[in-house]
Amino acid sequence: MSLASIGVPGLIIILVIVLILFGPRKLPEVGAAVGKTLAEFKKSARDIIEDEESAPKELEKKSIDK
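What you see is a predicted model, and the numbers here were worked out from it, not measured in a lab. (Residues numbered from 1 in each chain as written. Predicted model: local features only at pLDDT ≥ 70, side-chain atom pairs only at ≥ 80, totals over all residues. Heavy atoms only, no water.)

1. Regarding the overall build of the protein chain
Heads up, the condition is: Here a helix means four or more residues in a row that DSSP labels H or I, a strand means two or more in a row labelled E, and each is numbered from the N terminus. Exposure categories follow from relative accessible area, calculated using a 1.4 Å probe and restricted to protein chains: below 20% of the type maximum is buried, above 50% is exposed, and the middle band is partly exposed. The accessible surface values rely on the Shrake-Rupley method and a 1.4 Å probe; as for residues, cover is taken only from the protein chains in view.
Counting secondary structure elements, the protein chain contains 1 helix and 0 strands. Residue burial in the protein chain is summarised as follows: out of 66 residues, 3% are buried. Carbon and sulfur atoms make up 68% of the accessible area of the protein chain, which amounts to about 6200 Å² in all.

2. Observations concerning a negative patch on the surface
The cut-off we apply is this: Patch definition: residues above 30% relative accessible area lacking any salt bridge, with like charges linked at up to 9 Å and the nonpolar side chains Val, Leu, Ile, Met, Phe, Trp and Tyr linked at up to 5 Å. Salt bridges are identified by distance alone: a Lys or Arg side-chain nitrogen within 4 Å of an Asp or Glu carboxyl oxygen. Under this rule, positive means Lys or Arg and negative means Asp or Glu; His and the chain ends count for nothing. Taken as the charge centre is NZ of Lys, CZ of Arg, CG of Asp or CD of Glu, depending on the residue.
Taken together, Glu-40, Asp-47, Glu-50, Asp-51, Glu-52 and Glu-53 make up a surface patch of like negative charges. As for its position among the elements, Asp-47 is in helix α1 (residues 7-65).

3. Points about a nonpolar patch on the surface
Residues Val-8, Ile-12, Val-16 and Ile-20 make up a contiguous nonpolar surface patch of about 400 Å² in total accessible area. Mapped onto the fold, Ile-20 is located in helix α1.

These figures capture arrangement, not role.
If you want it as structure tokens, here you go:
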């Protein structure tokens, strides 16, 4: 089950539940926290991918130097 299979009605239900749990005053804070968390996750994932891509190049460079 992926996020894309939730659909619009499912997203509306989730938003209503979040609104009931946190209230309208806390909703912007919750949204900002979720946004910062997703941005940090994307940045970390991008860094890991770049590290994995650069590792073989460094190993190749070291083997050529020897």
